[in-house]
Amino acid sequence: MERTFIMIKPDGVQRNLVGEVIRRLENKGFTLVGLKMLQPSRELAEKHYDVHKERPFFQSLVDFITSGPVVAMVWEGSGVIASARKIIGATNPLNAEPGTIRGDYGVNVGRNLIHGSDAPETAQGEIALWFAQTELVSWTPTIQPWLYE
Ligand code: DAT
Ligand code: MG
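Only a predicted model underlies this, so the values are computations on that prediction, with no experimental measurement involved. (Residues numbered from 1 in each chain as written. Chains lettered and ligands numbered in written order. Predicted model: local features only at pLDDT ≥ 70, side-chain atom pairs only at ≥ 80, totals over all residues. Heavy atoms only, no water.)

A. The arrangement of unusual backbone geometry in detail. Despite not being glycine, N16 shows a phi value in the positive range, around 65°. Relative to the helices and strands, N16 resides in the loop between helix 1 (10–14) and helix 2 (18–28). The backbone of L113 shows a phi angle near 75°, a positive value even though the residue is not glycine. Summarising the element assignment, L113 is placed in the loop between helix 6 (101–105) and strand 4 (114–116). We classify L113 as buried; its relative accessible area is 2%. (Helix = DSSP H or I, 4+ residues; strand = E, 2+ residues; numbered from the N terminus. Buried < 20%, exposed > 50% of the residue type's maximum accessible area, 1.4 Å probe, protein only.)

B. Spatial organisation of the site of ligand 1. Close to ligand 1 lie K9, Y49, H52, F57, L61, R85, T91, R102, V109 and N112. One of the side-chain N or O atoms of H52 is found 2.9 Å from an oxygen atom in ligand 1. A distance of 3.0 Å is found between an oxygen atom of ligand 1 and a side-chain nitrogen or oxygen belonging to R102. Here ligand 1, which alone exposes 520 Å², has 74% of that area covered by the protein. Considering only residue class, the shell around ligand 1 consists of four nonpolar, three polar and three charged. (Near = heavy atom within 4 Å. Polar contact = N/O pair within 3.5 Å; in protein donor to acceptor, adjacent residues only side chain to side chain. Areas by Shrake-Rupley, 256 points an atom, 1.4 Å probe, with all protein chains shown as cover. Nonpolar A, V, L, I, M, F, W, Y, C, P; charged D, E, K, R; others polar.)

C. Looking closely at the sheet that holds strand 4. Strand order in the open sheet made by the four strands is 2-3-1-4, with antiparallel pairing throughout. Here the strands that pair on one side only, and so sit at the sheet edges, are strand 2 (31–38) and strand 4. In this sheet, neighbouring strand axes are inclined to one another by 15° on average, regardless of whether the strands run parallel or antiparallel. Lying over the sheet, helix 7 (residues 120–130) contacts strand 1 (2–8), strand 2, strand 3 (70–77) and strand 4, oriented at roughly 60° with respect to strand 1. (Pairing = 2+ DSSP bridges. Axes fitted to C-alpha atoms, helices over the stretch in contact; angles between N-to-C directions. Contact = heavy atoms within 4.5 Å.)

D. Molecular detail of the packing of helix 2 against helix 5 (residues 80–88). Between helix 2 and helix 5, the least distance of the axes is 11 Å, while the angle of their chain directions is 135°. In terms of orientation, helix 2 lies oblique with respect to helix 5. Two packed elements cross with a definite hand, and for helix 2 against helix 5 that hand is right-handed. Of the residues in helix 5, those touching helix 2 at R24, L25 and K28 are S83, A84 and I87. Looking at side-chain class alone, the contact of helix 2 with helix 5 contains three nonpolar, one polar and two charged residues. (Parallel < 35°, antiparallel > 145°, perpendicular 65-115°, else oblique. Left-handed = near helix turned anticlockwise from the far one by under 90°.)

E. Expanded view of the nonpolar core. Core analysis: the biggest nonpolar cluster contains 20 residues, and I6, V21, L25, M73, W75 and I114 have the highest contact counts within it. Mapped onto this core, the elements with two or more residues apiece are strand 1, helix 2, strand 3 and helix 5. At five residues, helix 5 tops the list of elements feeding residues into this core. Within the second largest apolar cluster, 18 residues are counted, among which are F5, Y49, I65 and V74. (Core = buried A, V, L, I, M, F, W, Y, C linked by side-chain atoms within 4.5 Å.)

F. Region of interest: the side chain of E126. If you trace the backbone, E126 turns up in helix 7. For the buried E126, which has no salt bridge, the nearest side chain bearing the opposite charge is R85, at an N-O separation of 7.6 Å. Polar side-chain contacts of E126 include one of 2.9 Å to the side chain of H115. If we ignore the near neighbours within four places in the chain, the residues touching E126 are F5, H48, H115 and S117. (Lys, Arg positive; Asp, Glu negative; His and termini not counted. Salt bridge = Lys/Arg side-chain N within 4 Å of Asp/Glu carboxyl O.)

G. Examining the packing of aromatic side chains more closely. Applying the stated criterion to the full structure yields two aromatic pairs. Between F5 and W130, the aromatic rings sit 5.1 Å apart at their centres with planes inclined by 25°, giving stacked as the arrangement. With F5 in strand 1 and W130 in helix 7, this pair connects stretches of sequence that are 125 residues apart. Neither F5 nor W130 differs from the other in exposure class; each is buried. Considering the side-chain rings of F5 and F131, the 6.5 Å spacing of their centres and the 65° angle between planes classify their relative orientation as edge-to-face. With F5 in strand 1 and F131 in the loop between helix 7 and helix 8 (144–147), this residue pair connects regions lying 126 residues apart in the sequence. (Phe/Tyr/Trp six-rings, centres within 6.5 Å; stacked < 30°, edge-to-face > 60°.)

Following this line, the structure appears as structure tokens:
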């Protein structure tokens, strides 16, 4: 089973989309194994977006992500990293397909509602950055046999 890091950004929280995001990932068949709300520190946000530190939008991205509470989550399931990225949609919400979270709810790349890890290595790093081992719960949903053969 794979795990990925998903974060509802401050705009997603302010737009009352916390339940909607969780509903979409639950309905798909993925399992929530970590969940917390926090207002990220600058240090945490800069580490999280370290790969973008030379990009012109880095400062405004860090300003934005630290501007209010976010909901940080770890989700588990077969192929969850790539599948969650599809559910989230393209980085620019105007290019994101209808039916995706960004496609259904966003109009601006700087307010694209949600983050999802893009590969196994980044998922592992982001989960370790945002969560302590003790904050993650390993459990088996009783519906598992109806999701996987
Ligand atoms: P994603 O969040 O889809 O993985 P990314 O890793 O390329 O996209 O960029 C991280 C975030 O940075 C993205 O969610 C929003 C912001 N961003 C990306 N490209 C941008 C741009 N051209 N202008 C402003 N913000 C941008
Ligand atoms: Mg990214």
